[in-house]
Amino acid sequence: MSTEDKKQFATGVEHEVALKVYIDALLLEPEETTVAPEVEVSVVKPVEQKIATEIKTEAPLETAVVETAMSAETHPTNESVAPVSDEIVEYLLFKVAGFLTLSVPLARLNGIVKWDGEITPIPGHADWFLGLVSNRGRQVKVIDIAKFVIPENHKSRQAVAAERQFKHLLLVDGGKFGLACDELGQVLKLGTDKIRWRENRSSRPWLAGTIIEQMSALLDVDSFIEMLKEGVPLDEIP
Amino acid sequence: MKVWAIANQKGGVGKTTTAVSLAGVLAQRGYRVLMLDIDPQGSLTSYFRYSPDDLESSIFTLFQNQAVNPYSLVRPTRFEGIHILPATMGLATLDRQLGAKSGMGLVINRALKAMADKYDYALIDCPPMLGVLMVNAMAACDHLVIPVQTEFLALKGLERMLKTLTMITRSRSVRLPYTIVPTMFDRRTRASTETLRLLRTRYADDLWNSVIPVDTQFREASRMGVPLPMLLPQSRGVIAYERLLNTLLSQGAKQPQAAVI
């Protein structure tokens, strides 16, 4: 072996040793498993806490519902109108108006599209109807869901009027309506017992209930669409 | 849950295309698929129309705080049965931040174990270089898919990849099965046919017995942000990935636990 060969060989071995040390260190199992991935530390949690406050301030009647929500988990049958099924359903959390976290059954969405806020406004309608956006050659009626769900005379509505940062549209009703949202959150897979279903739906029929752990208002998509259609008659808009 | 990593220490060989196409076919067959983007360039993340530049949470979050529930970082895609754990630019800083910090090669392995009952398959789209992320992928996966572009320079990348694999296998003391997948094959070019011949000579045992052909539809699907199997299920590219999937499944068959997510 020539000197040059030896040198190359040595460098090759050194290189390999360095790599081995590197990889071995990375793959070293800790003695005691201190990491507990099951600890629920949600990124959107601070926001979810706020929604609980929102629900309380906007409707004193709901306070009881939210406050007793935790105990409902231990007594799932107590006053619950949950469908009798142990089906696991996926719910998407999303943030609107910067402070409100809502949720919707994932399967009820017809799609999620990125949206930069560009829109054709249609004047003469309720302020929660933002206008039209074209998606795949189809006109989507865009709904400012925050303004829709917060009553007109409520003080938190002022905060909604501030600068908005729309990023996505959640498509519902076969893509006819797009719910403007600021941020997509996590997807939760939950059994019906993880949701506090509302018993009396005469007021705010769009609110199906509350996801207990995240304190997120759960939309009833069908009632919501029905209400939208009443507010934005389809035949008025091209 | 079965975990497949798609890796090669060379860029532009079709890793993201392979990950997306396999996920598309798996989802169409009713499997629940989680895609993990661990390439700081975030091609897979961009494919599904999330921006690696301004996502608030990503796989990076997991490395910063291992107490985070990994499932809270998963995002839906527009496609039924496909979820994504996206990448953000911060991933590029991981090696500098962590160095060879003890145990940091097992972060993804732990995260996937915590979500094992939620998905049938996890597909990891790897970065084109050896580092803490690549080590994580190889420590987490049951099978390695190595796409190799059928052109001369690609063989060098493959050699390097297999060397890395040998070292990780030694460290893990578990054999990691792998499949070399010839991609972007164009029978009209000498480079393609000659490279394929060399692959067959040198790597006969671990080489997939077919090829992924050049198909311009992959680019079109990427432009539209739709996995090609959902866009053009009859295209020759998709038919080739169907065949590849059948091979991979036959190596470790698994029935779907649920029809849809």
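Preceding block: the structure.
Here we summarise the structure given alongside this text.

## Thoughts on the overall build of chain A
Inference 1: Along the backbone of chain A there are seven helices and eleven strands.
Inference 2: A total of 238 residues make up chain A; the buried ones form 48% of that total.
Inference 3: A separation of at least 24 residues holds for 61% of the contacts in chain A among residues at least 6 apart in sequence.
Inference 4: As displayed, chain A offers around 12,500 Å² of accessible surface, 54% of which is attributable to carbon and sulfur atoms.

## As for the pattern of salt bridges
Opposite charge on two side chains permits pairing when their charged atoms draw close.
Inference 1: Tallying each qualifying case throughout the model produces eleven salt bridges over all chains.
Inference 2: Within the structure, one salt-bridge network assembled from shared partners comprises D173, K176 and K229 of chain A.

## What about helix 8 (residues 190-202) of chain B?
Inference 1: Between its terminal C-alpha atoms helix 8 of chain B stretches 18 Å, which fits the 18 Å expected from 13 residues at 1.5 Å a residue.
Inference 2: Where helix 8 of chain B is buried, its residues contact strand 6 (143-149), helix 7 (154-172) and strand 7 (178-183) of chain B.

## Points about the pairing of strand 1 (residues 88-96) of chain A
Residues and elements named next belong to chain A.
Inference 1: Of all nine residues in strand 1, seven are buried, a share of seventy percent or more.
Inference 2: Bridge analysis of strand 1 against strand 8 (residues 183-191) gives seven bridges, and the strand direction is antiparallel. Along strand 8, the bridge assignment pairs V89 with L190.
Inference 3: Inspection of the sheet shows strand 1 paired to strand 2 (residues 100-105) by six bridges, in the antiparallel sense. Considered in strand 2, the bridge of Y91 is made with P105.
Inference 4: If you look at the hairpin formed by strand 1 and strand 2, you'll find three residues sitting between the two strands, and A97 has a positive phi there, around 55 degrees.

## With respect to the side chain of S103 of chain A
Inference 1: Mapped onto the secondary structure, S103 of chain A falls in strand 2.
Inference 2: If near-sequence neighbours (up to four positions away) are discounted, S103 of chain A is found in contact with L92, L93, F94, I211, S216, A217, L218 and L219 of chain A.

## So, the sheet that holds strand 9 (residues 195-197) of chain A
All names here are of chain A.
Inference 1: Spatially, six strands are ordered 8-1-2-11-10-9 in an open sheet, and the strand pairing comes out mixed. Every interior strand has two partners, whereas the edge strands, strand 8 and strand 9, have only one. Strand-to-strand twist in this sheet, taken as the mean axis angle between neighbours without regard to direction, amounts to 30 degrees.
Inference 2: In this structure, strand 9 lies alongside strand 10 (residues 207-211), joined through three bridges in antiparallel fashion. In the strand pairing of strand 10, I195 is matched with I211.

The rules we used
- Residues numbered from 1 in each chain as written.
- Chains lettered and ligands numbered in written order.
- Predicted model: local features only at pLDDT ≥ 70, side-chain atom pairs only at ≥ 80, totals over all residues.
- Heavy atoms only, no water.
- Helix = DSSP H or I, 4+ residues; strand = E, 2+ residues; numbered from the N terminus.
- Buried < 20%, exposed > 50% of the residue type's maximum accessible area, 1.4 Å probe, protein only.
- Contact = heavy atoms within 4.5 Å.
- Areas by Shrake-Rupley, 256 points an atom, 1.4 Å probe, with all protein chains shown as cover.
- Salt bridge = Lys/Arg side-chain N within 4 Å of Asp/Glu carboxyl O.
- Expected span 1.5 Å × (residues − 1).
- Pairing = 2+ DSSP bridges.
- Axes fitted to C-alpha atoms, helices over the stretch in contact; angles between N-to-C directions.

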